[in-house]
Each structure stands twice: as structure tokens, then as C-alpha cells.
Amino acid sequence: MSSIGNILIVDDNPKYIADALPMYGYDVEIATNGLQALKILQKNNNFDIVLLDVMMPVMDGWQTLKAIRNDNKLKHLSIIMLTAVNEESKQVSGLRAGADDYITKPFILPNLLARIEALLRRTKWQQEASQNTEINIDVAQDIEPLTEREKEVLKLVAKGAKNDTIAKELFVKEYTVKAHLNNIFKKLKVKNRTQAVLVAMQMKITD
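Residues numbered from 1 in each chain as written. Predicted model: local features only at pLDDT ≥ 70, side-chain atom pairs only at ≥ 80, totals over all residues. Heavy atoms only, no water.

## Quick word on the overall build of the protein
Then step 1. Looking only at helices and strands, the protein has nine helices and five strands in total.
Then step 2. Listed N to C, the secondary structure of the protein is β-α-β-α-β-α-β-α-β-α-α-α-α-α in terms of helices and strands.
Then step 3. Looking at the protein residue by residue over its 207 residues, the buried ones come to 44%.
Then step 4. Considering only residue pairs separated by 6 or more positions, the protein has 57% of its internal contacts joining residues 24 or more positions apart.
Then step 5. Of the roughly 12000 Å² of accessible surface on the protein, 50% is carried by carbon and sulfur atoms. (Helix = DSSP H or I, 4+ residues; strand = E, 2+ residues; numbered from the N terminus. Buried < 20%, exposed > 50% of the residue type's maximum accessible area, 1.4 Å probe, protein only. Contact = heavy atoms within 4.5 Å. Areas by Shrake-Rupley, 256 points an atom, 1.4 Å probe, with all protein chains shown as cover.)

Here it is as C-alpha cells:
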């Protein structure tokens, strides 16, 4: 089975995650502290996601996150913070410091897998958008306003959520989500989710 993503696990106790992720198609490499992680990243920065534990010896997760975001060669990396700390203020601090997502220990594996999948989808859409020269959107064009529910759907799409996840989040049927998406595409004059998210970002619809 070919790899669906390359993940660097930075954790002084990585066995559970390191054993589980390859079973779901991911290639993993392990660093047991931040300093070791930075050395690995200097040699290979082609990882799709870094799973970064907060509490580690030598160099902790916050210091490692800051070092990655301050390095022009590494700052593009997607990072999910892992920690036993569950205070909301700490989560906000982590996101403001440059983390892409945050999950507290102990966590259930499906939760982590869902967050990884969502982040990979979001990264893929961003890459496609930057490479798609056909997308040339004039945000000043006459675009029909979205309803509040359509905005909610689009915000979840921008986060990488699939239709079934959006349906559960909004307590509606999946076919209702599809109907909302069709309306969104028509109103924004786009053909797919990637273009819809681009328009939403340019028009600040998802802010």
C-alpha cells in the first residue's frame, strides 16, 4: 500500500502513535525531543504533518514550534500539537503561536486520524489553488449573497470537512449539505470546493 502521507512524530513517548499510523497508510519518522526533530527537518523537510508533543526533554514543543515557524525552509509545515494540558487558554496560545491544530491527551485514535485527514485535505486544496492558473476570480464581480446556513457550510468546507461531517455538525441530512454546496457554487460562480474556498477567503466570507 502506497503512503498517503509522511508524518514526523515528535514525542518522548511515541510508541502508540508510531505503531498505529502505519496501519492506516502513513509513513512515520520519530524524534524524541525538539532538537532531534529540527535536525531531522533540516535534512528532510518533505513531511506533510508534524505531530508535536508539548512536554518533552531538551527542547519542548513550544520552543520547537517557534523554531519551525521562524525557519523559512520549514515554516510551511503543518503542525498538530499534542499535549495533556486541556486549558482553553493554552490551546489558543498554541494556535496563535502557529500550530494548525491542537489535540489533548489522552485522545482516541479516530479523533487524531480525522484531524490528520482534514489537515491533509486543506493543504492539498491550498496547493491546488496556488497551481491552478485558471482560477482568476474578480471579487468585485456581482455575487449573490450567501445565506447564513450556506456560510456555515462553507466555513466547514474551508476547514477540510467532508459532507458527512458537515451534516453531523449542522444536524442535517447529507443530501441537504450537497444542495447547499450546489447553491454556493452557483452563487459564487465556481465549479468546485477549492474555488469556493478561494472566493470565500478573498471575500472574507469565512472569517
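## With respect to the packing of aromatic side chains
Then step 1. Applying the stated criterion to the full structure yields one aromatic pair.
Then step 2. Arranged with centres 6.5 Å apart and planes meeting at 45°, the rings of Tyr16 and Phe107 form a pair that is tilted. Residue Tyr16 is found in helix H1 (residues 15-20), and its partner Phe107 is found in the loop between strand S5 (101-104) and helix H5 (109-131); the two are separated by 91 residues along the sequence.
Then step 3. Accessibility expressed as a relative area gives 13% for Phe107, which makes it buried. (Phe/Tyr/Trp six-rings, centres within 6.5 Å; stacked < 30°, edge-to-face > 60°.)

## With respect to the nonpolar core
Then step 1. By size, the foremost hydrophobic cluster in this structure holds 22 residues, and its most contacted members are Val153, Leu154, Ile166, Ile184 and Leu188.
Then step 2. When contributions to this core are tallied by element, the ones reaching two or more residues are helix H6 (148-158), helix H7 (163-170), helix H8 (174-188) and helix H9 (193-202). (Core = buried A, V, L, I, M, F, W, Y, C linked by side-chain atoms within 4.5 Å.)

## Looking at unusual backbone geometry
Then step 1. Unlike most non-glycine residues, Val58 shows phi in positive territory, near 70°.
Then step 2. Structurally, Val58 can be placed in the loop between strand S3 (49-53) and helix H3 (61-69).
Then step 3. The exposed category is assigned to Val58, whose relative accessible area is 64%.

## Some words on the pairing of S3
Then step 1. Of all five residues that make up S3, five are buried, and the element is covered over most of its length.
Then step 2. By the bridge criterion, four bridges tie strand S1 (residues 5-10) to S3 in an arrangement that is parallel. Residue pairing in the sheet places Ile9 in a bridge with Leu51 of S3.
Then step 3. What joins S3 to strand S4 (residues 78-83) is H3, and the crossover it makes is right-handed. (Pairing = 2+ DSSP bridges. Right-handed = clockwise from strand over helix to strand, strands pointing away.)

## Digging into the pattern of salt bridges
Then step 1. Scanning the model with the defined rule gives eight salt bridges in all.
Then step 2. A salt bridge links Asp100 to Arg69; the nearest nitrogen and oxygen atoms lie 3.0 Å apart. Of this pair, Asp100 sits in the loop between helix H4 (88-96) and S5 while Arg69 sits in helix H3, placing them 31 residues apart in sequence.
Then step 3. For Asp100, a relative accessible area of 31% gives the class partly exposed.
Then step 4. We note a salt bridge from Lys151 to Glu148, for which the minimum N-O separation is 3.6 Å. On the criterion of helical spacing, the pair formed by Lys151 and Glu148 is a turn pair, its members being three residues apart in helix H6.
Then step 5. Relative accessible area serves as the criterion here: at 28%, Lys151 is assigned to the partly exposed category.
Then step 6. What you see here is one network of salt bridges that share partners, running through Asp11, Asp53 and Lys105. (Salt bridge = Lys/Arg side-chain N within 4 Å of Asp/Glu carboxyl O.)

## Digging into the environment of Gly5
Then step 1. Relative to the helices and strands, Gly5 is located in strand S1.
Then step 2. Sequence separation between Gly5 and Gly25 is 20 residues; the distance between their C-alpha atoms is 7.5 Å.
Then step 3. Look past the residues within four positions of Gly5 in its chain and what remains in contact with it is Gly25, Tyr26, Asp27 and Asp48.

## What about H8?
Then step 1. With 15 residues, H8 ought to run about 21 Å at 1.5 Å a step, and its terminal C-alpha atoms sit 21 Å apart, in line with that.
Then step 2. Here H8 has its buried residues at Val177, His180, Leu181, Ile184, Phe185, Lys187 and Leu188. Down the axis, H8 shows its buried residues gathered within 165° of arc, on one side only. Those residues of H8 that are exposed and angled more than 90 degrees off the buried face are Tyr175 and Lys186.
Then step 3. Once H8 finishes, Lys189 follows within two positions and takes phi at roughly 60°, a positive value. (Expected span 1.5 Å × (residues − 1). Arc of directions from axis to C-beta.)

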